[in-house]
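# Examination of the molecular architecture
Given next are the chains, with one letter for each unit.
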Amino acid sequence: MADQFRDQINTARRAGYSDDELVGYLRDKDPRITQALDAGYKPNEILQHLAPSLSMGEEAVRKVGIAARGVTEALAPAAAGATAGMLMGGPVGAGVGALAGGLAVPLTDAATMAYNKLFGGTARTPSNAISSMIPGPRAETPVERVVQGSAGALGGTGGAVSAGRSIVNLGKTTAGLPSPVAQGTLNIGAEAARRPIGQLVTAPLATGVGQTVSEATESPLAGLVAGVATGGVAGVRPVKRGAVPTAEELLAQSKANYEILDKSGFQLDNKLFKQHMASLPAKLRSEVGYVESVNPKVAGAFKELLSDAPKDVAEITALRKIIGGAAGSADKSERMAAMKLLDEFDTYVLNAPPSAIISGDVKAIQAWKDARADYAKVKKSELIEDIVSRAEVSQSGKEPTIAQGLSALAKNDKKMRFFTADEQEAIREAAKGGTLQNLTKIIGKFSPTTPAAAIFTAVNPYGAYTAAAGMAAKELATAQRMQQVNALSARMRLGEVPKVLEGATANVPTFLSRGIVNNLGALNQSTLLPANQNALAK
């Protein structure tokens, strides 16, 4: 009886009653209270003697019990659903039943509360009925309701993720389901188990936020919105793209392909080779205005191409370097003629018909092509990465140095010739920067890193706030610029824009739906009606 009286007193305390109010209520019901007051004892002394407050250990045990109640209330419907599903559909049915059970109670609760609100009904919610059958302490304060709601969200989410994994793992090996049904079931399981760690971390946090907002605003709707929004934001992830090879991997591939080529004994028929190359001066003259006396480097390249030297791997590699040297000429007309010749040379060698190959494996040509392509990708990415390396040691700041480096690259015709037209356009766009990036750069100028900005910060009453905004904007601009150059470097190494495997919002629907279910469950603990207002009258 004493323990029951103590529980009632502590419940009333948690409901917000003061010791004076409690003693005033009890004095007419218990003569011991009147005697103690007449003897000079204060209300808090009387209650502390009759019903001591919970110790820290007892409070901890109570919080654990409340958390356990939250988990049990969340898992009970899932367990019932799993049992029914097992009876009807075996192991896969158990997973589907668990998901259905976990959804059924919160949604039915919401429908019941809506009915009661609209029609003045007093129907009992399923969650309340389940809770009444579970022993142990009940949440009676805002903090306790947050604890119970968060623990319930963790338990419910854990059960849903586990059920989803069970469906995916068992559904692939379970016979008997029609193909469309089986695929649909697997899809449901995969969505429920999406980003499991993220869901388990986010669920209690988002539900705690929702319950806290409900307590503070006395509005379950505001709490629901806050909790679901928190879960939705947590579902946003960086865009997941296809794998991009590193520079080291590309160099290793290039080296391996060159070794294949060296060992192949590959050699072109010199007679056919010379016949084809001898036809090119006239073609270059008509297309790009090649003149032997005006373009001496190209003329020298032709002399080497028409020599009697065997056209093996070493000679082919040397000839390409000779033509490439002419393509780097400062003279525009010679550069154009050499680049056209290089294209013709590559086209012939890389597409040589079997009749033009007198020894070696024709597959060696593909190895040579791949080796050059991989090496070119590395060199292009290095041009981008060198800009970042210089920025790391720059005294003028990382972001402006990178911007200047990209701009200088975009204006360097000689270096830009290494890139394709699409890659050149990407470099120019990165050099210009986007609207948001340029805006953050402007705001970043208010960071107190220059004498003028420091003086402005000192004399302006809002200088500290302006400086803080400027520093934050400066960091954001730098992060955006680094993201740009990293994307450029990855594009160069891959040879194309990396494919998007998963968008930034791909996980949001799962996180939003889970947030709705969890917050509906937590918000069913009424935050508008004080808990146990009549506890002492029981």
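Residues numbered from 1 in each chain as written. Predicted model: local features only at pLDDT ≥ 70, side-chain atom pairs only at ≥ 80, totals over all residues. Heavy atoms only, no water.

### Describing the overall build of the protein
- Counting secondary structure elements, the protein contains 24 helices and 5 strands.
- Expressed as a percentage of the 538 residues in the protein, the buried residues total 40%.
- Sequence-distant contacts in the protein: of pairs separated by 6 or more residues, those separated by 24 or more amount to 73%.
- In the structure as shown, the protein presents an accessible area of about 28,900 Å², 61% of it carried by carbon and sulfur atoms. (Helix = DSSP H or I, 4+ residues; strand = E, 2+ residues; numbered from the N terminus. Buried < 20%, exposed > 50% of the residue type's maximum accessible area, 1.4 Å probe, protein only. Contact = heavy atoms within 4.5 Å. Areas by Shrake-Rupley, 256 points an atom, 1.4 Å probe, with all protein chains shown as cover.)

### Details of the sheet that holds strand β3 (residues 311–312)
- Ordered by their spatial adjacency, 3 strands build an open sheet running β3-β2-β4, and the pairing between neighbours is antiparallel. Each edge of the open sheet is held by one strand with a lone partner, namely β3 and β4 (357–359).
- Bridge count for strand β2 (residues 267–268) against β4 is 2 bridges, and the pairing is antiparallel. Directly across from Leu268, in β4, lies its bridge partner Ile357. (Pairing = 2+ DSSP bridges.)

### A closer look at the pattern of salt bridges
- Going through the model one piece at a time under the given rule, you end up with 15 salt bridges.
- Here Arg145 ties to Glu215 by a salt bridge, and the two come within 2.6 Å at their closest N and O atoms. Taken together, the residues Arg145 in helix α7 (residues 142–171) and Glu215 in helix α9 (residues 196–217) connect sequence positions 70 residues apart. Residue Arg145 shares its accessibility class with Glu215, and that shared class is buried.
- One salt bridge connects Arg194 with Glu191, and the closest N-O pair in it is separated by 3.0 Å.
- The network of salt bridges with common partners includes Lys283, Glu287, Lys340 and Glu344. (Salt bridge = Lys/Arg side-chain N within 4 Å of Asp/Glu carboxyl O.)

### Some remarks on the packing of helix α14 (residues 296–305) against helix α16 (residues 332–350)
- Across the interface, α14 lies against α16 with an axial gap of 8 Å and an inter-helix angle of 25 degrees. The angle between α14 and α16 falls in the class roughly parallel. Where α14 abuts α16, its residues Pro296, Lys297, Val298, Ala301, Phe302 and Leu305 lie against Glu334, Ala337, Ala338, Leu341 and Phe345.
- Classifying every residue of the contact of α14 with α16 by side-chain character gives 9 nonpolar, no polar and 2 charged. (Axes fitted to C-alpha atoms, helices over the stretch in contact; angles between N-to-C directions. Parallel < 35°, antiparallel > 145°, perpendicular 65-115°, else oblique. Nonpolar A, V, L, I, M, F, W, Y, C, P; charged D, E, K, R; others polar.)

### Describing helix α11 (residues 247–263)
- Between its terminal C-alpha atoms α11 stretches 24 Å, which fits the 24 Å expected from 17 residues at 1.5 Å a residue.
- Inspection of α11 places Ala247, Leu250, Ser254, Asn257 and Leu261 among the buried residues, and these make up the whole buried set. Along the long axis of α11, the arc covered by the buried residues comes to 95 degrees, so they all point the same way. What points out from α11, more than 90 degrees from its buried face, is the exposed set Glu248, Lys255, Asp262 and Lys263.
- One or two residues past the end of α11 sits Gly265, with phi positive at roughly 70 degrees. (Expected span 1.5 Å × (residues − 1). Arc of directions from axis to C-beta.)

### Quick look at the nonpolar core
- Ranked by internal contacts, the top residues of the largest apolar core, which has 33 residues, are Leu268, Phe273, Val298, Leu305, Leu341, Phe345 and Val349.
- Contributions of two or more residues to this core are made by α12 (270–278), α13 (280–288), α14, α15 (313–327), α16 and α17 (363–392).
- When residues in this core are grouped by element, the largest group, 8 residues, is from α16.
- Setting aside its immediate chain neighbours within four residues, Phe345 contacts Phe273, Met277, Leu305, Ile316, Leu319, Arg320, Ile323 and Trp368.
- Judged by nonpolar contacts, the second largest core, of 18 residues, contains Ile387, Phe419, Ala431 and Met482. (Core = buried A, V, L, I, M, F, W, Y, C linked by side-chain atoms within 4.5 Å.)

### Concerning the confidence of the model for the protein
- Of all residues in the protein, 85% attain a pLDDT of 70 or more, and the chain-wide mean is 80.
- Model confidence for the protein, summarised as mean pLDDT per element, is weakest for helix α22 (residues 451–459) at 49 and strongest for α14 at 94.
- A low-confidence stretch, residues 526–538 stays under pLDDT 50, and its non-local contacts, those more than four residues away or across chains, total 27 contacts. (pLDDT = per-residue confidence, 0-100.)

### Re the packing of aromatic side chains
- Using the criterion set out here, one finds 4 aromatic pairs in the structure.
- Both rings, one in Phe273 and one in Tyr348, keep their centres 5.8 Å apart while their planes meet at 70 degrees; by these two values the pair is edge-to-face. Of the two residues, Phe273 sits in helix α12 while Tyr348 sits in helix α16, which places them 75 residues apart along the sequence. The two residues Phe273 and Tyr348 agree in class, both being buried.
- Measuring from ring centre to ring centre gives 5.6 Å for Tyr290 and Phe302, while their planes differ by 50 degrees; the resulting arrangement is tilted. Within this pair, whereas Tyr290 is found in the loop between α13 and α14, its partner Phe302 is found in helix α14, the two being separated by 12 residues in sequence. Judged on exposure class, the residue Tyr290 and its partner Phe302 are both buried.
- Three or more aromatic residues joined by ring pairs form one cluster here, namely Phe273, Phe345 and Tyr348. (Phe/Tyr/Trp six-rings, centres within 6.5 Å; stacked < 30°, edge-to-face > 60°.)

### Thoughts on unusual backbone geometry
- Residue Arg195 is not a glycine yet carries a positive backbone phi of 45 degrees.
- According to the relative accessible area criterion, Arg195 is partly exposed, its value standing at 34%.
- You will see that Glu218, though not glycine, has its phi angle at about 55 degrees, which is positive.
- Along the chain, the position of Glu218 falls in the loop between α9 and α10 (220–234).

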